[in-house]
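# Analysis of the macromolecular model
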Amino acid sequence: MATILRDGDLSLLDGTVAVVGYGSQGHAHALNLHDSGVKVVVGLREGSSSWGDAEAAGLAVASIPDAVRDAQLVSLLLPDQVQPQVFTEHVEPDLGENAAVLFAHGFNVLYGRIAPAAGHDVIMVAPKGPGHVVRRLFTEGFGTPALIAVEQDASGRARDLALAYAVGIGAARAGILETTFKEETETDLFGEQAVLCGGTTELIRAGFETLVAAGYQPEIAYYECLHELKLIVDLLWEGGFKHMRWSISDTAEFGDYVSGPRVIDSHVRERMQAVLDDIRSGEFAKLWIAEMDSGEAGLRGHRAEAANQLIETVGEELRSLMRREDASAVG
């Protein structure tokens, strides 16, 4: 079993931490570190729409080169697509001789799109949750679990620096696990594709379309296959399979046991293995990098196609109705 870490020496962050980017993870890391007493400067492109937001939150803001220039640690929290160009053009030329470079996901380092020089610590602190959750839980006195990893230990204390940063964003309150850039990247990609995003959305859509094709009302199918899913996921999050099954009816539990394996059978597991094989071989990375380099027209096409599916139009109408009902109840 992996060892869960809960300690780190925050005092190691005794210089400036430059948080490059102020999106989902960037705003959470910057604000949490600031509230933990770390000196933070947010690095943004000139004219960024986030500049005013960061200043309004009480953070120091500077251009990316100015933020990076005197930083002890540079946290690169931009989308994967833009990280390599920003690093090459705006970070690397002004990176201090002994400055550490931190990532929240290992994709660009693992696949060689970013390679800091040998004199720099290259570390990862990857919270296991969206940025707004990382921030909200921190303000409530809790934390989001995080993974830490060391790709390059130039200083001899890269691991300690990663632990300090994890403590600063509140991860030690929930637990820290050690991993590698390779393990984090491959498991993260697999989880997103096979379970959390790709697997879940396709399972929901298949269930919805099966009911509609059989003649049931789309609105009923939406409630059964999508709306109620949140309630089940909340139960799973609170206490795992056992807690969820304890909370539902005996009829639902019996159906879980006898029909779940009929849907998610050996064929699905084989396809999951094929997805994992593509990730581990680098095939998915090649596909995604080619898509990024070509302007992401394919991604935009997928988005447009998905937006026109019946489950989306029905869901939009029903969610609007529920919001109106909620507003009426409040009033």
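It should be noted that the structure appears before, not after, this text.
Described in the following lines is the structure provided in the data block. Bear in mind that the values here come from a model prediction, so they are computed numbers and not experimental data.

Reading across the sheet, the 8 strands line up as E3-E2-E1-E4-E5-E6-E7-E8 and stay open at both edges, with mixed pairing between neighbours. The sheet is open, and its two edges are formed by strand E3 (60-63) and strand E8 (176-178), each paired on a single side. Direction aside, the axes of adjacent strands within the sheet are offset by 25° on average. Pairing of strand E6 (residues 122-127) with strand E7 (residues 146-152) involves 6 bridges; the strand directions are antiparallel. Within the sheet, the bridge partner assigned to Met 124 lies in E7 and is Ala 149.

Two quantities define a packed helix pair, namely the angle between the helix axes and the distance between the axes. At their nearest, the axes of helix H9 (residues 198-213) and helix H10 (residues 218-227) sit 9 Å apart, and the two run at 150° to each other. On the basis of the axis angle, H9 is roughly antiparallel to H10. For the crossing formed where H9 meets H10, the hand is right-handed. For the pair formed by H9 and H10, the contact residues are Ile 204, Gly 207, Phe 208, Leu 211 and Val 212 on the first element and Pro 218, Ala 221, Tyr 222, Cys 225 and Leu 226 on the second. Residues belonging to the contact of H9 with H10 are distributed by class as follows: 9 nonpolar, 1 polar and no charged.

In this section: the packing of helix H1 (residues 24-35) against helix H6 (residues 131-139). Interhelical geometry of H1 versus H6 gives an angle of 20° and a closest axis separation of 7 Å. For the element pair H1 / H6, the angle class is roughly parallel. Here H1 and H6 pass one another in a crossing that is left-handed. For the pair H1 and H6, contact is made by Ser 24, Gln 25, His 27, Ala 28, Leu 31, Asn 32 and Asp 35 and by Gly 131, His 132, Val 134, Arg 135 and Phe 138, respectively.

Let's shift gears to the pattern of salt bridges. Overall, the coordinates contain 12 salt bridges when judged by the stated rule. Of the charged contacts, one joins Arg 245 and Asp 256 as a salt bridge, the two residues approaching to 2.6 Å between their closest N and O atoms. Of this pair, Arg 245 sits in helix H11 (residues 229-247) while Asp 256 sits in helix H12 (residues 250-263), and the two are 11 residues apart along the sequence.

This part covers a nonpolar patch on the surface. Where nonpolar side chains cluster on the molecular surface, the patch consists of Leu 203, Val 263 and Ile 264 and spans about 250 Å² of accessible area. If you trace the backbone, Val 263 turns up in helix H12.

To continue, consider unusual backbone geometry. We note that Glu 296 has phi near 65°; this positive angle belongs to a residue other than glycine. Mapped onto the elements, Glu 296 comes out in the loop between helix H14 (283-293) and helix H15 (297-307).

With 37 residues, the main nonpolar core has Leu 13, Leu 33, Leu 73, Val 125 and Tyr 165 as its most contacted residues. Secondary-structure elements contributing two or more residues to this core are strand E1 (16-20), H1, strand E2 (39-44), helix H2 (51-56), strand E5 (100-103), E6, E7 and helix H7 (158-168). Top element by residues in this core is H7. It accounts for 7 residues. Counting residues in each nonpolar core, the second largest holds 25 residues, with Ala 67, Phe 103, Ile 114 and Ala 126 among its members.

Following the criterion strictly, the structure yields 3 aromatic pairs and no others. A cation sits over an aromatic face here: Arg 173 above Phe 138, 4.2 Å from the ring centre.

Parameters and conventions
Residues numbered from 1 in each chain as written. Predicted model: local features only at pLDDT ≥ 70, side-chain atom pairs only at ≥ 80, totals over all residues. Heavy atoms only, no water. Pairing = 2+ DSSP bridges. Helix = DSSP H or I, 4+ residues; strand = E, 2+ residues; numbered from the N terminus. Axes fitted to C-alpha atoms, helices over the stretch in contact; angles between N-to-C directions. Parallel < 35°, antiparallel > 145°, perpendicular 65-115°, else oblique. Left-handed = near helix turned anticlockwise from the far one by under 90°. Contact = heavy atoms within 4.5 Å. Nonpolar A, V, L, I, M, F, W, Y, C, P; charged D, E, K, R; others polar. Salt bridge = Lys/Arg side-chain N within 4 Å of Asp/Glu carboxyl O. Patch = residues over 30% accessible without salt bridge, like charges linked within 9 Å, V, L, I, M, F, W, Y side chains within 5 Å. Areas by Shrake-Rupley, 256 points an atom, 1.4 Å probe, with all protein chains shown as cover. Core = buried A, V, L, I, M, F, W, Y, C linked by side-chain atoms within 4.5 Å. Buried < 20%, exposed > 50% of the residue type's maximum accessible area, 1.4 Å probe, protein only. Phe/Tyr/Trp six-rings, centres within 6.5 Å; stacked < 30°, edge-to-face > 60°. Lys NZ or Arg CZ within 6 Å of the ring centre and 35° of its normal.

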